[in-house]
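Below, each chain spelled out in residue letters.
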Amino acid sequence: MARQFDNREKLADLYYAIGYYRRRKGLSQEQLAENLGISRQHLASIEAPNMNRGLSLELLLNIATVLEIEPYLLLKFSPEK
C-alpha cells in the first residue's frame with residue numbers, strides 16, 4: 001500500500017520564501033519572472049501558497065541563482081507563525 005504524504009505546509013513555506021527573498025532583493029514579480037524566462041502569472045501562482053502550483057527542481061535552482069542565495073535557504077525557510 002502506498003504511503004500518503006502531506007507536504008502542503010512545507011510547500012507553502014517554500015512558496016512564501018520565494019516571495020520573501022524576492023522582495024528582500026528589491027525585485028517585483030515581473031522582474032524576477034523576466035529573469036527566469038517565465039510569465040509573471042506563473043510566478044504569482046507559485047508564490048500563492050494556496051494555489052499549490054508545483055515547480056521543478058530546475059526552476060527552484062534558477063530562482064535561487066537569480067536571487068543570489070543558496071537553494072537550501074528556500075527549502076529550510078520557516079516564517080514566523
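Structure report, in brief. (Residues numbered from 1 in each chain as written. Predicted model: local features only at pLDDT ≥ 70, side-chain atom pairs only at ≥ 80, totals over all residues. Heavy atoms only, no water.)

## Remarks on the environment of Leu-32
- With respect to the secondary-structure elements, Leu-32 resides in helix H2 (residues 29-36).
- Judged by its relative accessible area of 0%, Leu-32 is buried.
- In the structure, Leu-32 is positioned 31 residues away from Ile-63 in sequence and 8.0 Å away in space, judged by C-alpha atoms.
- When sequence neighbours within four positions are dropped, the list of residues in contact with Leu-32 reads Arg-22, Leu-27, Leu-43, Val-66 and Leu-67. (Helix = DSSP H or I, 4+ residues; strand = E, 2+ residues; numbered from the N terminus. Buried < 20%, exposed > 50% of the residue type's maximum accessible area, 1.4 Å probe, protein only. Contact = heavy atoms within 4.5 Å.)

## Structural notes on the nonpolar core
- With 19 residues, the main nonpolar core has Ile-18, Tyr-21, Leu-32, Ile-63, Leu-67, Ile-69 and Leu-74 as its most contacted residues.
- Look past the residues within four positions of Tyr-21 in its chain and what remains in contact with it is Leu-67, Ile-69, Leu-73, Leu-74 and Phe-77. (Core = buried A, V, L, I, M, F, W, Y, C linked by side-chain atoms within 4.5 Å.)

## A few points about the packing of aromatic side chains
- Counted by the stated rule, this structure contains 4 aromatic pairs.
- Ring geometry for Tyr-16 against Phe-77: centres 5.7 Å apart, planes inclined by 35 degrees, an arrangement best described as tilted. Of this pair, Tyr-16 sits in helix H1 (residues 8-24) while Phe-77 sits in the segment after helix H5 (71-76), placing them 61 residues apart in sequence.
- Classification of Phe-77 as buried rests on a relative accessible area of 14%.
- Taken together, the aromatic side chains of Tyr-16, Tyr-20, Tyr-21 and Phe-77 make up a single cluster linked through ring pairs. (Phe/Tyr/Trp six-rings, centres within 6.5 Å; stacked < 30°, edge-to-face > 60°.)

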